[in-house]
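Descriptive structure summary
Each chain is listed here by its residues.
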Amino acid sequence: MVMLHKALCLYIFEKEEVTTAPLRDRSHIDETLRLATEEKAKDYAAALQTLRKIYHTSIKPMEQAYKYNELRQHEISAYPGRTLGDQATDGEITSKPMVLFLGPWSVGKSSMVNYLLGLHESPYQLYTGAEPTTSEFTVIMHGEKIRSVEGIVMAADSSRSFSPLEKFGQNFLEKLIGIEMPHKMLERVTFVDTPGIIENRKQQERGYPFNDVCQWFIDRADLIFVVFDPTKLDVGLELEMLFRQLKGRESQIRIILNKADNLATQDLMRVYGALFWSLAPLINVTEPPRVYVSSFWPYEYAPDTSKELFKKEEISLLEDLNQVIENRLENKIAFIRQHAIRVRIHSLLVDRYVQTFKDKMSFFSDADLVFKEIVDDPDKFFIFKSILAKTNVSKFDLPNRDAYRDFFGINPIASFKPLSTQCSYIGGCLLDKIEKAITHELPALLSSINSGKQPGLSSCEATGCGEKPKNRYRKN
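Residues numbered from 1 in each chain as written. Predicted model: local features only at pLDDT ≥ 70, side-chain atom pairs only at ≥ 80, totals over all residues. Heavy atoms only, no water.

**Looking at the packing of aromatic side chains**
Two descriptors summarise a pair of aromatic rings, namely the distance from one centre to the other and the angle between the planes of the rings. Under the definition given, this model contains 26 aromatic pairs. Each ring, one from Phe 162 and one from Trp 216, has its centre 6.3 Å from the other, and the planes form 40°; the classification is tilted. With Phe 162 in the loop between helix H7 (151–156) and helix H8 (170–173) and Trp 216 in helix H10 (residues 210–220), this pair connects stretches of sequence that are 54 residues apart. Its relative accessible area of 5% is what places Phe 162 among the buried residues. The class for Trp 216 is buried, based on a relative accessible area of 4%. Members of the aromatic cluster, each reached through a chain of ring pairs, are Tyr 66, Tyr 353, Phe 357, Phe 371, Phe 384, Tyr 404, Phe 407, Phe 408 and Phe 416. (Phe/Tyr/Trp six-rings, centres within 6.5 Å; stacked < 30°, edge-to-face > 60°. Helix = DSSP H or I, 4+ residues; strand = E, 2+ residues; numbered from the N terminus. Buried < 20%, exposed > 50% of the residue type's maximum accessible area, 1.4 Å probe, protein only.)

**Topic: helix H6 (residues 109–117)**
Counted residue by residue, H6 has nine buried out of nine residues, so it is predominantly covered. Listed as buried for H6 are Lys 109, Ser 110, Ser 111, Met 112, Val 113, Asn 114, Tyr 115, Leu 116 and Leu 117. With its phi angle positive at about 70°, Gly 118 sits one or two positions after the end of H6.

**What to know about unusual backbone geometry**
We note that Lys 259 has phi near 55°; this positive angle belongs to a residue other than glycine. Tracing the backbone shows Lys 259 in the loop between strand S7 (253–257) and helix H12 (265–279). Residue classification places Lys 259 among the buried positions, given a relative accessible area of 10%. At Phe 382, a residue that is not glycine, the phi angle is positive and equals roughly 55°. You can see Phe 382 is positioned in the loop between helix H15 (367–376) and helix H16 (383–390). Its relative accessible area of 49% is what places Phe 382 among the partly exposed residues.

**Focus: the packing of H15 against helix H17 (residues 401–410)**
One can describe the packing of H15 onto H17 by two numbers: an axis separation of 9 Å at closest approach and a directional angle of 150°. Considering the angle they form, H15 stands roughly antiparallel to H17. Facing H15, whose interface residues are Phe 371, Val 375 and Asp 376, H17 presents Tyr 404, Arg 405 and Phe 408. Broken down by class, the residue content of the contact of H15 with H17 amounts to four nonpolar, no polar and two charged. (Axes fitted to C-alpha atoms, helices over the stretch in contact; angles between N-to-C directions. Parallel < 35°, antiparallel > 145°, perpendicular 65-115°, else oblique. Contact = heavy atoms within 4.5 Å. Nonpolar A, V, L, I, M, F, W, Y, C, P; charged D, E, K, R; others polar.)

**Here we look at the sheet that holds strand S5 (residues 190–193)**
Taken in spatial order, the eight strands line up as S3-S4-S2-S5-S1-S6-S7-S8 in an open sheet, and their pairing is mixed. In this open sheet, the two strands that pair with only one neighbour each are strand S3 (147–150) and strand S8 (290–293). Along the sheet, successive strands turn relative to each other by an average axial angle of 20°, direction set aside. Sheet analysis places S3 next to strand S4 (residues 176–181), joined by four bridges and oriented antiparallel. Residue pairing in the sheet places Val 149 in a bridge with Gly 178 of S4. (Pairing = 2+ DSSP bridges.)

**Description of the pattern of salt bridges**
Applying the stated rule across the entire model yields 15 salt bridges. Between Asp 229 and Lys 259 there is a salt bridge whose closest N-O contact spans 3.4 Å. Note that Asp 229 is positioned in the loop between strand S6 (223–228) and helix H11 (237–245) and Lys 259 in the loop between S7 and H12, a separation of 30 residues in sequence. The residue Asp 376 makes a salt bridge to Arg 405 at a minimum N-O spacing of 3.4 Å. Of the two residues, Asp 376 is situated in helix H15 and Arg 405 in helix H17; the sequence distance between them amounts to 29 residues. With relative accessibility at 37%, the residue Arg 405 sits in the partly exposed group. Salt bridges here are not isolated pairs; linked through shared partners, they connect Lys 372, Asp 376, Asp 402 and Arg 405. (Salt bridge = Lys/Arg side-chain N within 4 Å of Asp/Glu carboxyl O.)

Purely geometric numbers; function is a separate question.
Quick look at the structure:
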C-alpha cells in the first residue's frame, strides 16, 4: 500500500509537470451551462429592483427599530444554515450565486477553477502545483476588464457584498484578493478559491481567524465543493472542524474525488470506499451528499481509464451548477423572505419583553431587578409561549432564549418602543408592512418570476397611499 501511494504521488507530480499533453475538449461546458443563450437580463434586473424595494421599505425599518443585527452577533445556534449576517446590503441582495471550493492542499481546487473558466495558460490562471500553493482567499468575479482587486479595496467598496469581511482584520484583508474578468459564466456566478487545509498548521499561524472567515463564506455560498484526491483521504482535526462548520448546509455540499484518472478501476473503487469511510462520521444525515468522481483539469484523461464515466460525472456536476445558477433569483427571494420571518419573530419577542416589563413595573420597583428577573426566566412570564399562542409562528423557528440575555445586556429595554407605537400615517405600521411582505409581496414576486410576468410594485403597496394605518397591536 505504501509503494502504491509513493508511485501514485510520483505519477501525479510527473503528470503536472507535463505541459505538452493534449488538451481536453471543453465545448460541453458551454453547452451544459447554456452560456451561448441570451438571458432576459431586463426582467432579472427588474425583479432585483423590486426585491430591493421590498427589503428597504418593509424589512429594513423593522431590523433597525429592534436592532436585529445585534441579536445575530450573539445568537449562534438558533438558526443553522445560511444567514444574512448583519443588516442586508444592496450588494448582498444583488450578488450572484457563490460557489465555494474547500478541501485539503493540492487536491486540484485551483486547477478545477481554471478548467471551468478556461483560464489554462492565460495570464490570470490560478497558480497550481504539487506543493501547497494557494494561501489567499481568491474571489473570481465578473468585470468589464481583466484586473486584480486588493482585499482592502473589496472591503472598502460598499456596493460589493464583501464589505463585512473588514471585521476580520488587516492581516486577513492582505490574504484576500479579487480577480475580475469579462467572462460569460462569471456574469451568472462567482467562484471563491480557498487556501488548502494543512493539518499540521494551527489557525494562529495564519495571522487571522481562518475558521471564522470560512464560516462567513460558507454562510453565503449557494454551492460548496469539498474536493479530495486519492492521496489525501485522511480526516484530521482541521478537516473535522470544517465539517462541523458545514452542519446545516448538507443540501449545498458536493463531494468531489478529483484526479480519479490516476487510478485503475479496481483501485478507484477502493479509494471511493475509503473516502466514504472517512467522511461517514462527519456527515450525520440520512442521505449523504453527492460524490462526483472525475478529473477536473484541462488535459485529456489518462489512457486505459473510465473516460466515459468521468465525462458523465463532469456533465452531471455542470448540470448541478447550472440548476443553482438558473434558480438564483428564486433562491434569493426565498432567502429574503426567510430573513423577514426571523426579523418579525425577533421584533415580536422584543415587544413582548417590553410589554411584560411595563406590566411588572410599579412606583416602588427597581427597574434593573425587575428586568433581570424577566430575562433570566422568560418562561415564568410566558414570553415565548405567548408568541406561539397569538401569532402564526412555529416553535421550531424561535431563537435561543439565552441569546436575549446577551442582547439586552448591550441594548437597554428602555431603548425599544412597543410595536403598537411603531406606526405613521404616511408609512403605515412596521408590523403590517413586514407581514405584508412575507405573505403577499415576496410570494407574488416569486410567482411573477415563475410565470414570466414583469415584476413590479404599485406605489400604494409601498406607502399605503396615505391611508390611516390599521394597527391591530394597538390597545383600545
